[in-house]
Amino acid sequence: MKSYIPNFLTLLNVFSGCIATVFAVLNHLEWAALFVFIGIFFDFFDGLAARALNVQSEIGVQLDSLADVITSGLVPGIFMYQLLNMAERGGWNLGFGHDMELSVMPFLGFVITLASAYRLAKFNVDENQVSSFVGLPTPANTLLIISLPLILLYHNNEVLNGIILNPWFLIGLTIFSAYLLNSPIELFALKFKNWSFKDNGIRYLFLIGSLVMLLTLRFLAIPLIIVFYILASLLTPSGK
């Protein structure tokens, strides 16, 4: 029975992603973000459970990527669609309603979905990404994208609002995130082989720094944490 536990956790990630998709389409981005967080939680612990129970399997690897296509691929694409739609129309709206005149520009947000799917396909056939990643992992990129409407909702700063709802900023971020997902940059993975600080110093420092930023800056900390993650990896030999 224990061999089914990791796959069950992965399916909970799929379910969370499906719920997040519905909320994102309806432009209830706060609720959508909540279920993305829940999905990423299951995404982290399914692999942890598989290693702890020693029940890693090929079907588990494939299922994990299929789950991520939804939670960390489709959903951030819809988020960016909604943000571009807000930027173009000058405020919050009800999303994909039939009474809304469709515009081409917001569909550029789905470049994130395409780049995420390609990144996950590459990950599945790359046997070198065990203790480190090549390119930004899809959950990290998703956290970056979904943090934007949360910053709008909870920080309500005119300068930040003006930047986030600038269509050129959003288009640039879409292209940049698509690049990061498939870039050759090597980034460390949060996988602990033991609890030694000597072997995991960068991971401990990253987790402590991230916690401090979250407690002091709330949702504004998320983009800074992603930048911190990339810089820490670049400054660490081989990203490990």
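Another point: the overall build of the chain. Per the secondary structure count, the chain includes nine helices and two strands. Along the chain, helices (α) and strands (β) appear in the sequence α-α-α-α-β-α-α-α-β-α-α when read from the amino end. Buried residues in the chain amount to 47% of all 240 residues. Sequence separation of 24 or more characterises 72% of the internal contacts of the chain that already satisfy a separation of 6 or more. Looking at the chain as shown, the accessible area adds up to about 12,500 Å², and 72% of this sits on carbon and sulfur atoms.

A pair of packed helices is captured by two measures, namely the crossing angle of their axes and the spacing between those axes. It is at 8 Å that the axes of helix 5 (residues 138-154) and helix 9 (residues 221-234) come closest, and there the two elements cross at 155 degrees. The pairing of helix 5 with helix 9 is recorded here as roughly antiparallel in orientation. Relative to helix 9, the crossing made by helix 5 is left-handed. In contact with A140, L143, L144, S147 and I151 of helix 5, helix 9 contributes I222, P223 and I226.

The full count for this structure, using the stated rule, is 14 aromatic pairs. For the pair Y81 and F110, a centre-to-centre distance of 6.0 Å together with 40 degrees between the ring planes defines the contact as tilted. Here the residue Y81 occupies a position in helix 3 (residues 58-89), and F110 occupies one in the loop between helix 3 and helix 4 (111-125), the gap between them amounting to 29 residues. The exposure class of Y81 is buried, given its relative accessible area of 0%. Ring-pair connections join several aromatic residues into one group, and the members of that group are F41, F42, F44 and F45.

Moving on, we come to a nonpolar patch on the surface. On the surface, F41, F44, F45, L48, L190 and L207 cluster together into a nonpolar patch covering about 500 Å² of accessible area. If one sorts the elements of the nonpolar patch by residue count, helix 2 (residues 29-53) sits on top with four residues. Its place among the elements puts L48 in helix 2. L48 gets classed as partly exposed once you look at its relative accessible area, which sits at 36%.

Look at helix 2 against helix 3: their axes get within 11 Å of each other, and the N-to-C directions meet at 155 degrees. The angle between helix 2 and helix 3 falls in the class roughly antiparallel. As helix 2 packs across helix 3, the resulting crossing turns out to be left-handed. For the pair helix 2 and helix 3, contact is made by L29, A32, A33, V36, G39, I40, D43 and D46 and by D64, D68, T71, S72, V75, F79, Q82 and M86, respectively.

So, how was this worked out
Residues numbered from 1 in each chain as written. Predicted model: local features only at pLDDT ≥ 70, side-chain atom pairs only at ≥ 80, totals over all residues. Heavy atoms only, no water. Helix = DSSP H or I, 4+ residues; strand = E, 2+ residues; numbered from the N terminus. Buried < 20%, exposed > 50% of the residue type's maximum accessible area, 1.4 Å probe, protein only. Contact = heavy atoms within 4.5 Å. Areas by Shrake-Rupley, 256 points an atom, 1.4 Å probe, with all protein chains shown as cover. Axes fitted to C-alpha atoms, helices over the stretch in contact; angles between N-to-C directions. Parallel < 35°, antiparallel > 145°, perpendicular 65-115°, else oblique. Left-handed = near helix turned anticlockwise from the far one by under 90°. Phe/Tyr/Trp six-rings, centres within 6.5 Å; stacked < 30°, edge-to-face > 60°. Patch = residues over 30% accessible without salt bridge, like charges linked within 9 Å, V, L, I, M, F, W, Y side chains within 5 Å. Salt bridge = Lys/Arg side-chain N within 4 Å of Asp/Glu carboxyl O.

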